[in-house]
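Observations on chain architecture
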Amino acid sequence: MNAPEIIRKKRDNLSLNENEIKFMIEGYVKDNIPDYQMSAFLMASFINNLNDSEILCLTKAMIESGDVYDFSDIEGIKVDKHSTGGVGDKVSIPLAPILASLGFFVPMVSGRGLGHTGGTLDKLESIKGFNVNLTKEKFRETLIKNKVAMGGQTETFVPADKKLYALRDVTGTVESIPLITASIMSKKLAEGIDSLFLDVKTGSGAFMKSIESAKELADRMFELGEMMGKKMAYVISDMSQPLGDYAGNGCEIFESVSILKGETRNYASKLVKETALMIMRQNYVGKSDEERENKYRSAIDSGKAYEKFLDIVRFQGGDEKSLRIKDLMYEKKYEIKSERDGYLFEFDTYKIGIALIYMNAGRFRKEDAIDHKAGIKIEKHLNEHVMKGEPIFSVYADKDNDDVGILLKESFKISQEKGDETKLIKVSRGA
Ligand code: URA
């Protein structure tokens, strides 16, 4: 077996067997296959797609590239939620402590920003001292003692995905249903969970722009997870505008805290709540929707969920005193205003994500450093009425950057008519 032969086979749209896929993945992780051959392999897989059996083999080969966590000795339901990524999507941050305060264990291995989308790890690192680099042992200890462990991939946890993810990011091979399926599911299946909830995004800020492609991705992941013995559920949710009021890193921690304290009512808090309720239903917690709703309300109103968040911060080395707004975000630098009266008709959310990268809230290159205090407040949402001169965005930054202003100005349309109503949750399965 050799790499050029396997690449040629995929280029010619022939299907690969388990050994060929294993050969590519093992070889790449061991540095026997260089980036240029793996890039060609990824592009051939992107263009010609992988069938279900190839996706299963790829996922298994990726899982086998490192450690698999096993928490079966821990009594209790181990759950996780994973989003395919978007702009302003902070849901995992308030959700993890809420789920723990409802009695679940939450082993959550998250990622960094990918392309124009933000990442949970970058957001958590806005909290001074917060450590996401948990070894296998530390991750387990954290989960047992605190019910939640929020970490990142390590050199030994699905190392194949760590390398492939970085390569896909810079070779135009991110938006592929088979590659995203294997990437997400390899990490989630190695995480030691009983049950997985997927939030597949669709719209201008998502990798899957159409609802059809989002559904295809969601069904692929759902079926793969069930085949591997996990209790699966998903939603397809809206990413045609940034989720909630803030997009960036520190500012999303600020918004997450406010959701945990029950102080924010917007699409982000709504998605957090709906997801928690669906995860309860998926795992037969609570006898009725009313009982689940009461449990959720009491987790927020009693302050238990927020206390749990503070436990997570302390436990993972973070400084709870650095959760004040001035620690998490810069002062407002300027506003992007509407030039006419009308309704907010459309966002190009992808452009907002790119503007955030120009503010260093995301990365163009792997090695770029994140400016955690830079971010944007979304002052108006889809279908809201806007007057000439009213702000659409507030920009929180310490320096000016022309690209940011240009991109944000281009990222919305004001119309005399209202657009279609945005439905936050478009489809659900399994919950
Ligand atoms: N999130 C992942 O973990 N992997 C992808 O490929 C895309 C989003």
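Residues numbered from 1 in each chain as written. Predicted model: local features only at pLDDT ≥ 70, side-chain atom pairs only at ≥ 80, totals over all residues. Heavy atoms only, no water.

1. So, the overall build of the chain
Under the convention used in this document: Note on conventions: DSSP H or I runs of at least 4 residues are helices, E runs of at least 2 residues are strands, and numbering of each starts at the N terminus. Radius of gyration means the value over C-alpha atoms here, while the globule rule gives 2.2 Å times the residue count to the 0.38 power. Contacts are assigned to residue pairs with any non-hydrogen atoms lying within 4.5 Å of each other. Calculation of accessible area relied on Shrake-Rupley with a 1.4 Å probe; when residues are assessed, cover is drawn exclusively from the protein chains displayed. Counting rule applied: Lys, Arg positive; Asp, Glu negative; His and chain ends not counted. All charge positions are set by atom: Lys at NZ, Arg at CZ, Asp at CG, Glu at CD.
Helices and strands together make up the secondary structure of the chain, namely 17 helices and 13 strands. Taking 22 Å as the expected radius of gyration for a compact globule of 431 residues, we find that the chain reaches 21 Å, a close match to that expectation. Dimensions of the chain along its principal axes, counting C-alpha atoms only, are 65 × 45 × 40 Å. Expressed as a percentage of contacts within the chain between residues at least 6 apart in sequence, the contacts between residues at least 24 apart total 78%. With the model as given, the accessible surface of the chain reaches about 17800 Å², and the carbon-plus-sulfur share is 47%. Taken together, the 63 basic and 68 acidic charged side chains of the chain have centroids lying 2 Å from each other.

2. Observations concerning the site of the ligand
Cut-off, in case you're wondering: Being near a molecule or strand, for a residue, means having at least one of its heavy atoms within 4 Å of it. Pairing of N or O atoms within 3.5 Å defines a polar contact, subject to two protein rules: one partner must be a possible hydrogen donor and the other a possible acceptor, and residues neighboring in sequence count only if both atoms are side-chain atoms.
Lining the immediate surroundings of the ligand are His82, Thr84, Leu114, Tyr165, Arg168, Ile180, Ser183, Ile184 and Lys187. Arginine 168 has a polar side-chain atom sitting 2.8 Å from an oxygen atom of the ligand. Between the ligand and serine 183, the relevant distance is 2.7 Å, taken from a nitrogen atom to a side-chain nitrogen or oxygen of the residue. In isolation the ligand offers 230 Å² of accessible surface; the protein chains occlude 96% of this area. Contributing elements (two or more residues each) for the shell around the ligand: helix 8 (159-169) and helix 9 (177-189). No other element matches helix 9, which puts 4 residues into the shell around the ligand.

3. Let's talk about the domain arrangement of the chain
By a widespread convention, an interface's size corresponds to the accessible area lost as its parts come together. Going by this rule: Start and end positions for the domains come from either an automated domain assignment or a database one.
With domains assigned, the chain is organised as domain 1 (3-48), domain 2 (79-156 + 172-323) and domain 3 (328-415). Placing the centre of domain 1 and that of domain 3 at their C-alpha centroids yields a distance of 40 Å.

4. Observations regarding the sheet that holds strand 10 (residues 385-386)
So the rule is basically this: If DSSP finds at least two bridges between two strands, the strands pair.
Spatially, the 3 strands line up as an open sheet ordered 10-8-12, and their pairing is antiparallel. This sheet does not close on itself; its edge strands, each paired only once, are strand 10 and strand 12 (412-415). As paired strands, strand 8 (residues 342-347) and strand 10 are joined by 2 bridges and run antiparallel to one another. Its bridge partner being in strand 10, tyrosine 343 is matched across the sheet by histidine 385.

5. Notes on the environment of glutamate 5
Rules: The rule is simple: take the accessible area with a 1.4 Å probe, protein chains only, and divide by the maximum for that residue type; under 20% is buried, over 50% is exposed, in between is partly exposed.
Inspection of the secondary structure assignment puts glutamate 5 in helix 1 (residues 3-11). Given the relative accessible area of 42%, glutamate 5 is considered partly exposed. In this structure, the C-alpha to C-alpha distance between glutamate 5 and asparagine 133, residues 128 residues apart in sequence, is 38 Å.

6. Observations concerning the packing of aromatic side chains
Put simply, the rule is: To pair, rings of Phe, Tyr and Trp, with the six-membered ring standing in for Trp, must have centres within 6.5 Å; the planes then decide the type, stacked if under 30 degrees apart, edge-to-face if over 60, and tilted in the middle. Note on criteria: charge over ring means Lys NZ or Arg CZ within 6 Å of the ring centre, with the direction from the centre no more than 35 degrees off the ring normal.
Enumeration over the complete set of coordinates arrives at 10 aromatic pairs. With 5.9 Å between their ring centres and 90° between their planes, phenylalanine 222 and tyrosine 234 make a pair best called edge-to-face. Of this pair, phenylalanine 222 sits in helix 10 (residues 211-227) while tyrosine 234 sits in strand 5 (residues 231-238), placing them 12 residues apart in sequence. Take phenylalanine 222 and tyrosine 234: they sit in the same class, and that class is buried. Three or more aromatic residues link up through ring pairs in this structure, and these residues are Tyr69, Phe71, Phe139 and Phe157. One residue, lysine 147, lies across the ring of phenylalanine 105, its end atom 4.8 Å from the ring centre. Directly above the ring of phenylalanine 222 sits arginine 429, whose terminal nitrogen or CZ lies 3.9 Å from the centroid.

7. With respect to helix 11 (residues 250-260)
Summarising burial for helix 11: 10 of the 11 residues are buried, a large majority. Just downstream of helix 11 lies glycine 262, where phi reads positive at about 75°.

8. Focus on helix 17 (residues 402-410)
By the burial criterion, the buried members of helix 17 are Val404, Gly405, Leu407 and Leu408. Two or three places before aspartate 403, at the opening of helix 17, asparagine 401 has a side-chain oxygen 2.9 Å from that residue's backbone nitrogen.

9. Things to note about the sheet that holds strand 11 (residues 391-396)
This is how it is decided: Note on geometry: axes are lines fitted to C-alpha atoms, helical ones only across the stretch in contact, with angles between N-to-C directions running from 0 to 180 degrees.
Across the sheet, 4 strands lie side by side as 6-9-11-7; this open sheet has antiparallel pairing. Looking at which strands have only one partner, the edges of the open sheet turn out to be strand 6 (246-248) and strand 7 (332-337). Each strand of the sheet is rotated relative to its neighbour by a mean of 20°, with strand direction disregarded. When strand 7 meets strand 11, the two strands line up antiparallel, connected through 5 bridges. Its bridge partner being in strand 11, glutamate 335 is matched across the sheet by serine 394. Its contacts with the sheet place helix 16 (residues 349-358) against strand 6, strand 9 (375-378) and strand 11, and it is angled at close to 145° to strand 9.

10. Considering the pairing of strand 5
Test applied: Every crossover in which the path from the first strand over the helix to the second runs clockwise, viewed with the strands pointing away from the viewer, is termed right-handed.
With 7 of its 8 residues buried, strand 5 lies for the most part within the structure. The sheet contact formed by strand 4 (residues 195-202) and strand 5 spans 8 bridges and is parallel. Bridging from a neighbouring strand, phenylalanine 197 pairs with alanine 233 of strand 5. Between the parallel elements strand 4 and strand 5, the chain passes through helix 10 in a crossover that is right-handed. Pairing analysis gives 4 bridges linking strand 5 to strand 13 (residues 425-429), with the strands arranged antiparallel. Looking at strand 13, one finds that isoleucine 236 is bridged to valine 427.

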